[in-house]
Amino acid sequence: MPYIEAYLHVVWTTKNRTPYLSTFTLRKTVWKHIYQNALKQGIHISVINGYKDHCHCLISLKSNQTIQRILQLLKGESSFWINKSNLLEGTNYSHFEWQDEYYAVAVSSQSIKTVRRYILNQEAHHRNNSNNEEYNEFLNLPPLKSGGK
């Protein structure tokens with residue numbers, strides 16, 4: 001049996017970055033469902049969290065899993081479940097969708113605690129940082145100056 005220790009920090013967004021997941025309670029419901037569905041599918045999510053328009057996961061890959069297949073299962077099933085369960089009822093939205101694209105980066109074993117803490121602190125993080133600032137953090141880019149220069 002092969003031994004593999006491959007962790008990925010994966011992020012995906014809602015379609016057009018629409019803030020479908022507008023309440024803390026709704027977000028927690030969705031993250032819990034994605035986590036439980038992942039367990040059923042044999043996908044190990046170490047931690048999951050996010051904000052109004054995106055989801056972060058720290059995932060441990062197995063030898064027979066691909067990033068594309070894992071995300072297809074997680075995003076497709078959760079989108080179907082959110083709509084089937086009418087979780088958007090009472091919001092300004094009638095139909096939920098995830099964006100097709102995603103971001104995935106390998107995480108070294110030395111960085112796992114840092115990434116876990118970052119994912120767990122999404123609510124506080126987004127009180128202080130915009131989506132653009134978060135994206136630049138991922139890429140280690142300096143923040144954009146006003147006017148795009």
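Criteria and cut-off values
- Residues numbered from 1 in each chain as written.
- Predicted model: local features only at pLDDT ≥ 70, side-chain atom pairs only at ≥ 80, totals over all residues.
- Heavy atoms only, no water.
- Axes fitted to C-alpha atoms, helices over the stretch in contact; angles between N-to-C directions.
- Helix = DSSP H or I, 4+ residues; strand = E, 2+ residues; numbered from the N terminus.
- Parallel < 35°, antiparallel > 145°, perpendicular 65-115°, else oblique.
- Left-handed = near helix turned anticlockwise from the far one by under 90°.
- Contact = heavy atoms within 4.5 Å.
- Nonpolar A, V, L, I, M, F, W, Y, C, P; charged D, E, K, R; others polar.
- Core = buried A, V, L, I, M, F, W, Y, C linked by side-chain atoms within 4.5 Å.
- Buried < 20%, exposed > 50% of the residue type's maximum accessible area, 1.4 Å probe, protein only.
- Polar contact = N/O pair within 3.5 Å; in protein donor to acceptor, adjacent residues only side chain to side chain.
- Pairing = 2+ DSSP bridges.

Draft legend 1. The arrangement of the packing of helix α1 (residues 24–41) against helix α2 (residues 67–84) in detail. The geometry of α1 relative to α2 is characterised by a closest axis approach of 10 Å and an angle of 130 degrees between their N-to-C directions. The angle between the axes of α1 and α2 places the two elements in the oblique class. Every pair of crossing elements has a handedness; the one defined by α1 and α2 is right-handed. Residues T29, V30, H33, I34, N37, A38 and Q41 of α1 touch α2, and the partners they reach there are L73, L74, E77, S78, W81 and I82. Class assignment for the residues of the contact of α1 with α2 results in seven nonpolar, five polar and one charged.

Draft legend 2. Structural context of the nonpolar core. One finds W12, I34, I45 and L74 to be the most contacted residues of the largest nonpolar core, which totals 25 residues. Apart from the residues within four sequence positions on either side, I34 is in contact with W12, I45, I48, L74, S78 and W98. In this structure, V47, L58, V107 and I112 belong to the second largest nonpolar core, which totals eight residues.

Draft legend 3. Main features of the side chain of S78. Tracing the backbone through its elements, the reader meets S78 in helix α2. Take S78: its relative accessible area is 0%, and that puts it in the buried class. Here W98 takes part through its side chain, which lies 2.8 Å from a polar atom of the side chain of S78. Discounting chain neighbours no more than four positions away, the residues touching S78 are H33, I34 and W98.

Draft legend 4. Seen up close, the sheet that holds strand β2 (residues 44–51). The four strands are arranged β2-β3-β1-β4 in an open sheet whose pairing can be described as antiparallel. The sheet terminates laterally at β2 and β4 (98–107), the two strands that pair on one side only. Direction aside, the axes of adjacent strands within the sheet are offset by 20 degrees on average. As paired strands, β2 and strand β3 (residues 54–61) are joined by seven bridges and run antiparallel to one another. Across the sheet, V47 pairs through a bridge with L58, a residue of β3.

Draft legend 5. Summary view of the pairing of β3. Among the eight residues that make up β3, eight are buried, leaving the element largely enclosed by the rest of the structure. Judged by which residues are buried, β3 turns out to be covered on both faces: H54, H56, L58 and S60 on one side and C55, C57, I59 and L61 on the other are all buried. Sheet topology note: the strand β1 (residues 6–14)/β3 ladder contains eight bridges and is antiparallel. Residue V10 lies in a different strand from β3, and its bridge partner there is C57. The antiparallel pairing of β2 with β3 creates a hairpin that spans two residues between the two strands.

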